[in-house]
Each structure stands twice: as C-alpha cells, then as structure tokens.
Amino acid sequence: AQKITQTQPGMFVQEKEAVTLDCTYDTSDQSYGLFWYKQPSSGEMIFLIYQGSYDEQNATEGRYSLNFQKARKSANLVISASQLGDSAMYFCAMRGEDSSYKLIFGSGTRLLVRP
Amino acid sequence: ETGVTQTPRHLVMGMTNKKSLKCEQHLGHNAMYWYKQSAKKPLELMFVYSLEERVENNSVPSRFSPECPNSSHLFLHLHTLQPEDSALYLCASSQESFTWAETSRGSQETQYFGPGTRLLVL
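Since this is a predicted model, take the numbers as computed values, not measurements.

The rules behind these values
- Residues numbered from 1 in each chain as written.
- Chains lettered and ligands numbered in written order.
- Predicted model: local features only at pLDDT ≥ 70, side-chain atom pairs only at ≥ 80, totals over all residues.
- Heavy atoms only, no water.
- Phe/Tyr/Trp six-rings, centres within 6.5 Å; stacked < 30°, edge-to-face > 60°.
- Lys NZ or Arg CZ within 6 Å of the ring centre and 35° of its normal.
- pLDDT = per-residue confidence, 0-100.
- Contact = heavy atoms within 4.5 Å.
- Helix = DSSP H or I, 4+ residues; strand = E, 2+ residues; numbered from the N terminus.
- Buried < 20%, exposed > 50% of the residue type's maximum accessible area, 1.4 Å probe, protein only.
- Polar contact = N/O pair within 3.5 Å; in protein donor to acceptor, adjacent residues only side chain to side chain.
- Buried area = accessible area lost by both parts, 1.4 Å probe.
- Salt bridge = Lys/Arg side-chain N within 4 Å of Asp/Glu carboxyl O.
- Nonpolar A, V, L, I, M, F, W, Y, C, P; charged D, E, K, R; others polar.
- Pairing = 2+ DSSP bridges.
- Axes fitted to C-alpha atoms, helices over the stretch in contact; angles between N-to-C directions.
- Disulfide = S-S within 2.5 Å.

**Focus on the packing of aromatic side chains**
Here the distance between the centres and the angle between the planes together describe a pair of aromatic rings. Going through the model one piece at a time under the given rule, you end up with 14 aromatic pairs over all chains. Ring-pair connections join several aromatic residues into one group, and the members of that group are A:Phe35, A:Tyr37, A:Phe47, A:Tyr50, A:Phe91, A:Phe105, B:Tyr33, B:Tyr35, B:Tyr112 and B:Phe113. Directly above the aromatic system of A:Tyr64 lies the positively charged group of A:Arg63, at a separation of 5.7 Å from the ring centroid. A cation over an aromatic ring shows up here: A:Arg114 above the ring of A:Phe12, its NZ or CZ 4.0 Å from the ring centre.

**Focus: the confidence of the model for chain B**
Mean pLDDT over chain B: 87, with 90% of residues reaching 70 or higher. Here residues 100-107 of chain B scores under 50 on pLDDT; set against residues more than four positions off or in separate chains, the count is 16 contacts.

**Comments concerning the side chain of A:Asn76**
Residue and element names in this part refer to chain A. Residue placement: asparagine 76 occurs in strand β9 (residues 74-79). Exposure remark for asparagine 76: the relative accessible area of 13% places this residue in the buried category. A distance of 2.9 Å separates a polar side-chain atom of asparagine 76 from the backbone nitrogen of cysteine 23.

**A few points about the interface of chain B and chain A**
The interface is formed by 30 residues belonging to chain B together with 23 residues belonging to chain A. When the two sides are added together, the surface that chain B and chain A hide from each other amounts to roughly 2000 Å², 51% of it contributed by carbon and sulfur. Applying the counting criterion to the chain B and chain A interface returns one salt bridge. Here B:Glu96 and A:Arg95 are joined by a salt bridge, their closest N and O atoms 2.5 Å apart. Across the contact surface, chain B and chain A share five residue pairs in polar contact (both at pLDDT 80 or more). Here the side of chain B that touches chain A is composed, by residue class, of 13 nonpolar, eleven polar and six charged.

**Focus: the sheet that holds strand β7 (residues 64-70) of chain B**
Residues and elements named next belong to chain B. Taken together, four strands build an open sheet; the order of strands is β1-β3-β8-β7 and the sheet is antiparallel. What marks the edges here is a single partner per strand, and that holds for β1 (4-7) and β7. When the angles between neighbouring strand axes are averaged without regard to direction, this sheet yields 20 degrees. Bridge count between strand β3 (residues 18-25) and strand β8 (residues 73-79): seven bridges; the pairing is antiparallel.

**Thoughts on the environment of B:Cys68**
All names here are of chain B. Relative to the elements of secondary structure, cysteine 68 occurs in strand β7. Given a relative accessible area of 12%, cysteine 68 falls into the buried group. Taking the C-alpha atoms as reference points, cysteine 68 and asparagine 17, separated by 51 residues in sequence, lie 22 Å from one another.

**Description of the state of the cysteines**
In protein chemistry, a disulfide is the covalent bond that joins the sulfur atoms of two cysteines. Taken as a whole and judged by the stated rule, the model has two disulfides over all chains. Disulfide pairing is shown between A:Cys23 and A:Cys92; the S-S distance is 2.0 Å. Between A:Cys23 and A:Cys92 the sulfur-sulfur dihedral comes to about -65 degrees; the bridge is accordingly left-handed. Taken together, the residues A:Cys23 in the loop between β3 (19-21) and β4 (24-26) and A:Cys92 in strand β10 (residues 88-95) connect sequence positions 69 residues apart. On the basis of relative accessible area, A:Cys23 is assigned to the buried category, the value being 0%. Since its relative accessible area comes to 0%, A:Cys92 is described here as buried. Linked covalently through their sulfurs, B:Cys23 and B:Cys91 form a disulfide whose S-S length is 1.9 Å. Here B:Cys23 and B:Cys91 share a disulfide; its torsion about the S-S bond, -75 degrees, makes the bridge left-handed. Here B:Cys23, found in strand β3, pairs with B:Cys91, found in strand β9 (residues 87-94); they are 68 residues apart in sequence, far enough to count as distant. Each of the two residues, B:Cys23 as well as B:Cys91, counts as buried. Unpaired in terms of disulfides, B:Cys68 finds its nearest cysteine sulfur in B:Cys91, a separation of 9.1 Å.

What follows is the structure, encoded as structure tokens:
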C-alpha cells in the first residue's frame, strides 16, 4: 500500500528565511510521482512542484525546490526566502504507476511565516 | 475564466434539502475528480471521471450522486445529507495519458484543483 507521511503538523519560519517541510513516502512501485500542494485558508489546493521517480535532478520552481532522496524515500519541500503569503497548509502527495488516478495525500504541515 | 472553478463557494443546507455542486474546468483536461476534505482527516477521493465515464467510486454513500455531462463540467448532487457530511468539497482535473508507454511514466499527470465548496449540513 502507498503511504505519505508528514511528521510536522506545524512550523514557524521567519520572513526571508528558508524552510524545509518534510515528506516521506512508501511504495513498491518502480515509477511514481511526487507532488506538493499549498492550501491557503481560502481552501484552494494550489499545485507547487512535481518530482518524477526517474528524474535525476531535483525539481525546482521559482522559490520552491524539492529535495528528492530516493533511497531514503523522502521528498522534502524547500521554500527559500519565505514571504508572509507563504503561510498556509502544505500537502505532499504521491501517485503510483497504475492507472487508478489516485493521488495519496499526507496529513499536511501548517506553515506560519513571522514578520 | 481560467483553471478550475466551483460554485457555490459556500453552502448551508438542511438534511432534507437537495442541492448540487458545480465544477467547470477550462484547461482542456480529460479527467475530473471530486474530493472531500473533513477537519483533521486526509483528503479523500470520492469520484473520478475519465473521458466522461466514471472510473472510480470509493464507497461513497448514495446520497452523493455525481454527474459528468461533458469533459468540462462535473456536478455533485446532494440529497438527505447528514451533519457529518459537512466538509470542504474540492473538484480537480487532469490530462491523462492512455498509451502504455506514457502510462508507465504516467504518474506525472498533475491534478489542478478548484477553490472548493464549503458545505455545512444542519
């Protein structure tokens, strides 16, 4: 069975500093995808970044980067130069290689950026 | 209009009411999803439509009835709901690959979500 674990229910970071949100996953699939989403208090789930299991380089999207360590089955999100607008819930998710369309979500980490 | 839109954004209904949630995607995608997000619970996949056919139904009670009239629109019809059905209902869409070569790497199909409907059942 596939599983996503986010061990940090809440985190604080000072504005302009970098922060790492942890995500570990469990799967027996050879091919899989890892996603990070941001959910502000408004409720919308905003796609941030994707990492494929066969991608050799860590994914980056602007201030977001994914620290992918395949052997450790971890896919941590790094946000550089935090902004007040980064305060939100962050979800790690995984999708396996079958065609079941299922996206498995973690329980999320609430990030609060302090001014 | 861009992305995935949902209406209404907020809904309060009694247990005997009938209401419908609407989702529209403007991304040209071929798959659409309904998710339920309750407080302190992970996001739960409810229904999946691919090419307008339902391909997944995760043991959802019959008081929730989905409808997908075309690839751009998805509805969730609600009737005789219970207070525990109060939650945020999120719609999503994605562009799915259907060739084996692509599907074997197909985990990259990103799902894009709408803003959600906050439902309160009294």
